[in-house]
Amino acid sequence: MLIRLMRCVFAVALLSSVTAAAGAVAPFDFDSTPGRLPKTVVPTDYQIAIVPNVKARKLAGTETVTLRVRSATDRITFNTLGMTLHDVRFDGVPVARVNTENAKQLTTLTLARPAPAGMHRLTLAYDGTITDSPAGLFAQDYRKPDGSVGTMLSTQFESTDARRMFPAWDEPAFRSTFALSVTVPAAWNTISNTPIVARTVRGTLATTTFARTPRMPTYLVVLAAGELRSIGGVGPDGVKQNVWAVNGDEVNGRYTLASAEQILGYYDEYFGVRFPLSKLDHIAIPGGFGGAMENWGGITYNESIIIHRPSATLAQKQSGYSVVAHEMAHQWNGDLVTMGWWDDIWLNESFASWMAAKATNRFNPSWQWWQGEDETKEHAMDADALTTSHAIQQHVTDELQADASFDPDITYDKGQAFLRMLEAYLGEDPFRAGIRAYMKKHAYSNATTADLWNALGTTSRKDVGAFAKTWTEQPGFPVVSVTAACDASGSRTIALAQKRFLLAGTDAANRRWNVPVELATGAAGQPALVLLTQPVQSGIPAGKCGEPLRANAGGIGYYRVAYDAPTLEANRKAFATLPADDKIAMLDDQWALVRAGNAQLSSYLALANAMGAERNARAWKQIAGALATLEHDARGTAQHDAVAAYARGLVAPVATSLGWDPKPNETASTASLRRALLAALGQWGDAATVAEARRRFDDAAVRSTMSPDVQELVLGIVAVSADAATFDRLHALALAAKDPTLAERYRGALMGVRDPALAARALAIAISPEVPPQLESRRARLLARVADWNPALAWSFYQAHADVLTRRLSMFEKILNLATGLPRTYSDAAPLEQIDAWLKGYLPPAAAPYIARGIDRAHTAVAIKARLNMEMTAVVGTGSRAGG
């Protein structure tokens, strides 16, 4: 938290002029909450018994639902998908008619006679399907250490796939209790939200019954079953936490278990509400889906997130810690308190992302996590700087929108960045007090954005709804222009102006934001808050002329800053002395302005060359990332070698000072910077870097003792320039590796090869049986790596094998990964019109808006590429070199 010794707040009274009255979104009210299901009949308890047939991919189930009929009716409507219902009875009497409409995912019962208001019971039996992709109850195949194939079951219900495993009122406002039992092979273990209360073995099968859950929405029910084993223990808070995995990998979950125990205690204190369940399981799924799911009391993860074998890199552990923190934050925000409808999914995801970053930074200070999260914010701002962007809060009307509203750039990353800015604006203590009040008031219930703003407004004594509306209810963000004026005494005043920042196009709506501008003068001046609410605000005192000026001091604000020429030059001259957070913010902003065509490339390179002795990891990674873009964009042009030489000249001195081997007591961020810069130099063909990587790879003794992090670095550099013999050696090492993590690392390195003939061999490996069943969903990622040097080859291969590459993806994942990702990945491979046509032919019509967004982003990138290539010609064509 920034210490504000001076707070100059301008135009607070003007806040209401920026937005309409706060509260466009009302507090949660069950009856007015959107959804397709009638609210005349409400479930209060489900008793569900299922018997899966894994081999046939079928399931049989019975269900008893206790219902509260709120007003007399002769019809009951609920959700089903891919089910056949039979023996349906209401209060023991067969219903008159069962009408199932799969296309609408609805079943309507016509009762034998109208049901009066009051409590009733619905009983039924049903048959359903076990899927092969993460939607509903799904089967996940995986390769065992002996080479045979095992299978486990797991569930993925969010957003609307509980209806695939059991008939349900599958909307988040319909909270209920659940009592689940399942019959599976007796050799298997089963896990659900609550502890086991009974287990009965009959021959080769066992029926396991779980304790009744608290009131919760359907999408949080979980079931996992298979040859699972666990490690675990009871923490000081009395909650038993376990890590479950197949193949004996539970022993590699110790880091996750220790992390989860640390995080749980912090969240208990932060939220002011103790974790309400008696156990919390962390379940490793060998493949199936790429992320994790916050089921209450039973979180599921792709095994790579929480299983860290001895070959795991620090980056894998860091990412794992962050994801565990994210999913555990959901146990409060999302599970204990659930959004009323999918319009407010950001309440779940943005908050969990922000809370995870807060926890990760708290317990791992050497990782400099918040600075690293600047990269996440930049991804969000890139997406948000397009005319096709959308608001954090977006109206959801159907199931497809509910899934696709999980936009990682906006729903997660922009929301996280906004919440961090909001916390800084309100103050850490009032913000936490508001969160605690929100949790206590809405526990075991639902809430809307308005409920959160009301809680924060009460504790901060600010109109949070009015402030926040411009950030959550409209797309985009502002660029704040700074224009300085000096008087005879040398005192400086500035004018601040705002408009929407776009990488291309114009903002016809002339949007405005409530921008908490943090102003600081000099290299060490404390920031003062200026609340920018108007298009222009003038006469703001800003120190002395010639001093550096920081208009996003601390780098927390979700906005760009464009300095006038004198102020930018003052900042450049003092750049080496500025705080690291401000260097990062200025580098980010100037690079964005260059890409938008609002500043010259030379202005960004001048800042990069002014870093001095600074070795901040994020700042240099930002520079290396910009240089990597310039080098990549120049491939195939006459100036490529000169551009690569320029990039090497800027980065090599820093990499040389860091060396290849760790120094005593160096931080994790320093080690991460070393690897990032050496990897970049390897990509850019730095002879000394490539030679050293090759030396370490060729020396078997050295190779066998390398840390996982250095090993990953060396393999990546060696593979790029590999000849056939080196490629064969890498391939042989991948085939011989007994450790799945190590085998995956070798395969991944192979995909980076530059030689087209070898790249064709790499593509064949990517869809071969060498990739185990649990990693099938990652095949497309392997192709994306091939596309770095061989885009046309990879794109042709993708089109020819699309069904293989996507067969393990849910429709949600297909839309998100293909529609929004493929255009940019393969924009160097084919005209975007061809990619657009292929996507429209391959994906369902409902994906059209997401395809449009992906194509727009790619068109923008192509235009930026052309402009940067022209500007870079001027840089390298005049003999300019880094450091000059």
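Note: the structure precedes this text.
Within each chain, residues carry numbers counting from 1 in the order of the written sequence. Two thresholds apply to this predicted model, a pLDDT of at least 70 for residue-level local features and 80 or more for giving and counting side-chain atom pairs, whereas whole-chain, interface and lining totals are computed over all residues. Neither water nor hydrogens contribute to the side-chain values; these are computed over all heavy atoms in the structure.

Chemist: So what's going on with the overall build of the protein? Which residues, and what values?
Modeler: Broken down by element type, the protein carries 30 helices and 29 strands. Taken over the C-alpha trace, the protein has a radius of gyration of 28 Å; the compact-globule value for 884 residues is 29 Å, and the two agree within 12%. For the protein, the residues scored as buried account for 60% of the 884 residues in total. We call two residues contacting when some pair of their heavy atoms lies within 4.5 Å. Sequence-distant contacts, at least 24 apart, represent 72% of the contacts inside the protein between residues at least 6 apart. Accessibility throughout is a Shrake-Rupley quantity obtained with a 1.4 Å probe, and a residue counts as covered only by protein chains that appear here. Total accessible area on the protein stands at roughly 32,000 Å², and carbon and sulfur atoms take up 54% of it. Residues scored as positive are Lys and Arg, those scored as negative are Asp and Glu, and His as well as the terminal groups of each chain are ignored. Just so you know, the charge point we use is NZ for Lys, CZ for Arg, CG for Asp and CD for Glu. Taken together, the 87 basic and 86 acidic charged side chains of the protein have centroids lying 2 Å from each other. Strands are runs of DSSP state E lasting at least two residues, helices are runs of H or I lasting at least four, and both sets are numbered from the N terminus onward. Only C-alpha atoms enter the radius of gyration; for comparison, a globular chain is expected to reach 2.2 Å times N to the power 0.38, where N is the number of residues. For each residue, the accessible area found with a 1.4 Å probe, counting protein chains only, is set against the maximum for its type, and the residue is called buried under 20%, exposed over 50%, and partly exposed in between.

Chemist: Account for the state of the cysteines, with residues named and values stated.
Modeler: Cysteine sulfur pairs qualify as disulfides if the two atoms are within 2.5 Å. Inspection of every chain in the model, using the stated rule, returns one disulfide. Cysteine 486 shares a disulfide with cysteine 545; S-S distance 1.6 Å. In this structure, the disulfide formed by cysteine 486 and cysteine 545 twists by about -125 degrees around the S-S bond and is classed as left-handed. Linking cysteine 486 in strand E23 (residues 478-486) with cysteine 545 in the loop between strand E27 (536-544) and strand E28 (549-550), this pair joins segments that are 59 residues apart in sequence.

Chemist: Describe the layout of surface pockets, listing the residues and the values that go with them.
Modeler: Cavities and pockets were defined on a 1 Å grid built from protein atoms only: a cavity is a group of points that admits a 1.4 Å probe but offers it no way out, a pocket is an open group of points flanked by protein on both sides within 12 Å along at least five of seven lines, and a lining residue is one with an atom within 4 Å of any such point. Grid points are joined across faces, edges and corners, and a volume is the space filled by probe spheres set on the points. Its volume calculated, the second largest pocket comes out at about 570 Å³. Along its surface, the second largest pocket is lined by 22 residues, and Arg143, Ala737, Lys738, Asp739 and Pro740 are the ones closest to its centre. At the level of secondary structure, the elements contributing two or more residues to the lining of the second largest pocket comprise strand E9 (136-143), helix H22 (724-736) and helix H23 (740-750). Looking at the lining of the second largest pocket element by element, the count peaks at three residues for H23. Each residue gets one of three labels, nonpolar for Ala, Val, Leu, Ile, Met, Phe, Trp, Tyr, Cys and Pro, charged for Asp, Glu, Lys and Arg, and polar for the others, Gly among them. Tallied by class, the residues present in the lining of the second largest pocket amount to ten nonpolar, three polar and nine charged.

Chemist: Talk me through the nonpolar core; I want residue IDs and the actual numbers.
Modeler: Core analysis: the largest hydrophobic core is formed by 262 residues, its most contacted members being Phe166, Trp169, Tyr267, Phe418 and Leu422. Examining the composition of this core, we find that ten residues originate from one element, helix H5 (residues 345-363), more than from any other. In contact with phenylalanine 166, not counting residues within four places along its chain, are Tyr46, Ile48, Glu63, Asn79, Met83, Tyr126, Phe157, Phe178, Thr218 and Val221. Among the buried residues, those of types Ala, Val, Leu, Ile, Met, Phe, Trp, Tyr and Cys that are joined through side-chain atoms within 4.5 Å form a nonpolar core. Core analysis: the next-biggest nonpolar cluster, separate from the first, contains eleven residues, Leu228, Trp244, Ile285 and Phe289 among them.

Chemist: Can you tell me about the packing of helix H14 (residues 580-595) against helix H15 (residues 601-608), naming the residues and giving the values?
Modeler: Think of two packed helices as two axes; the pair is described by the angle between the axes and how far apart they sit. Fitted lines through C-alpha atoms serve as axes, helices being fitted only where they are in contact, and the angles separating the N-to-C directions of these axes extend from 0 to 180 degrees. Two elements in contact, H14 and H15, have axes separated by 8 Å at closest approach and are oriented at 160 degrees. Comparing their axes, H15 and H14 come out roughly antiparallel. Both H14 and H15 take part in a crossing whose hand is left-handed. Across from Met586, Leu587, Gln590, Trp591 and Val594 in H14, the residues of H15 making contact are Leu601, Ser603, Tyr604, Leu607 and Ala608. Considered class by class, the residues forming the contact of H14 with H15 number eight nonpolar, two polar and no charged. For classification purposes, an angle smaller than 35 degrees is called roughly parallel, one larger than 145 roughly antiparallel, one from 65 to 115 roughly perpendicular, and anything else oblique. For a crossing to be left-handed, the near helix must be turned anticlockwise from the far one by less than a right angle; the clockwise case is right-handed.

Chemist: A description of the sheet that holds strand E14 (residues 205-210) should follow, citing residues and the corresponding values.
Modeler: Strand pairing is defined by DSSP finding a minimum of two bridges between the two strands. If you trace the eight strands from one edge of the open sheet to the other, you get E5-E4-E8-E2-E1-E11-E14-E13, paired in mixed fashion. Taken across any chain shown, the strands that pair with only one partner, and hence form the sheet edges, are strand E5 (93-94) and strand E13 (196-202). Pairing geometry for strand E4 (residues 84-90) and E5, over two bridges, is antiparallel. Looking at the pairing, arginine 89 lines up with proline 94 of E5.

Chemist: Pulling in residues and values, what's your account of the pattern of salt bridges?
Modeler: By salt bridge we mean one thing: a side-chain nitrogen of Lys or Arg within 4 Å of a carboxyl oxygen of Asp or Glu. Within this structure, the stated rule accounts for 43 salt bridges. It is possible to trace a salt-bridge network through shared partners that takes in Arg57, Asp132, Asp141 and Arg808.

Chemist: Any details on the sheet that holds strand E6 (residues 97-101)? Residues and values, ideally.
Modeler: Strand order in the open sheet formed by three strands is E3-E7-E6, and the pairing between neighbours is antiparallel. In this open sheet, the two edge strands, each paired with only one partner strand, are strand E3 (73-79) and E6. Taking each pair of neighbouring strands and ignoring which way they run, the sheet shows an average axis angle of 20 degrees. As defined by bridge partners, E6 adjoins strand E7 (residues 106-115) across five bridges and the pair is classed as antiparallel. Within the sheet, the bridge partner assigned to threonine 100 lies in E7 and is threonine 107.

Chemist: Could you give an account of the packing of aromatic side chains, with specific residues and numbers?
Modeler: Centres within 6.5 Å are what make two rings of Phe, Tyr or Trp a pair, Trp counting through its six-membered ring; a difference in plane orientation under 30 degrees is then read as stacked, over 60 as edge-to-face, and the rest as tilted. In total, this model carries 37 aromatic pairs according to the counting rule given. Seen from their ring centres, phenylalanine 271 and tryptophan 332 are 5.1 Å apart, and the 20 degrees between their planes marks the pair as stacked. Taken together, the positions of phenylalanine 271 in helix H2 (residues 254-271) and tryptophan 332 in the loop between helix H4 (314-330) and strand E21 (337-339) put the pair 61 residues apart, joining distant regions of the chain. Both residues of the pair, phenylalanine 271 and tryptophan 332, count as buried. Note on phenylalanine 418 and tryptophan 471: the rings are 6.3 Å apart at their centroids and 25 degrees apart in plane angle, and the pair reads as stacked. Of the two residues, phenylalanine 418 is situated in helix H9 (residues 408-426) and tryptophan 471 in helix H12 (residues 464-472); the sequence distance between them amounts to 53 residues. The same class applies to phenylalanine 418 as to tryptophan 471, namely buried. Connected via pairs of aromatic rings, a cluster forms that spans Tyr266, Tyr267, Tyr270, Phe271, Phe275, Trp332, Phe351, Trp354, Phe363 and Phe431. By definition, being over a ring means that NZ of Lys or CZ of Arg is both within 6 Å of the ring centre and within 35 degrees of the ring normal. Over the ring of tryptophan 370 we find arginine 420, and its NZ or CZ is 4.1 Å from the ring centre. In this structure, arginine 754 is placed above the aromatic ring of tryptophan 789, and the distance from its NZ or CZ to the ring centre is 4.2 Å.

Chemist: Please set out the environment of glycine 265 residue by residue, giving values where relevant.
Modeler: Tracing the sequence through the fold places glycine 265 in helix H2. The sequence separation of glycine 265 and leucine 228 amounts to 37 residues, and the corresponding C-alpha distance is 27 Å.

Chemist: How would you sum up the pairing of strand E25 (residues 515-521)? Please name residues and give values.
Modeler: Here is the key point about a regular strand: its side chains alternate between the two faces of the sheet. Counting buried positions over the seven residues of E25 gives six, a clear majority of the element. When E25 meets strand E26 (residues 528-532), the two strands line up antiparallel, connected through five bridges. Paired with proline 516 across the strands is leucine 531, a residue of E26. Here E25 folds back onto E26 in antiparallel fashion, the turn holding six residues, of which glycine 522 has a positive phi close to 70 degrees. Examined bridge by bridge, E25 and E28 share two bridges and lie antiparallel to one another. Across the sheet, the residue bridging to threonine 521 is leucine 549, located in E28.

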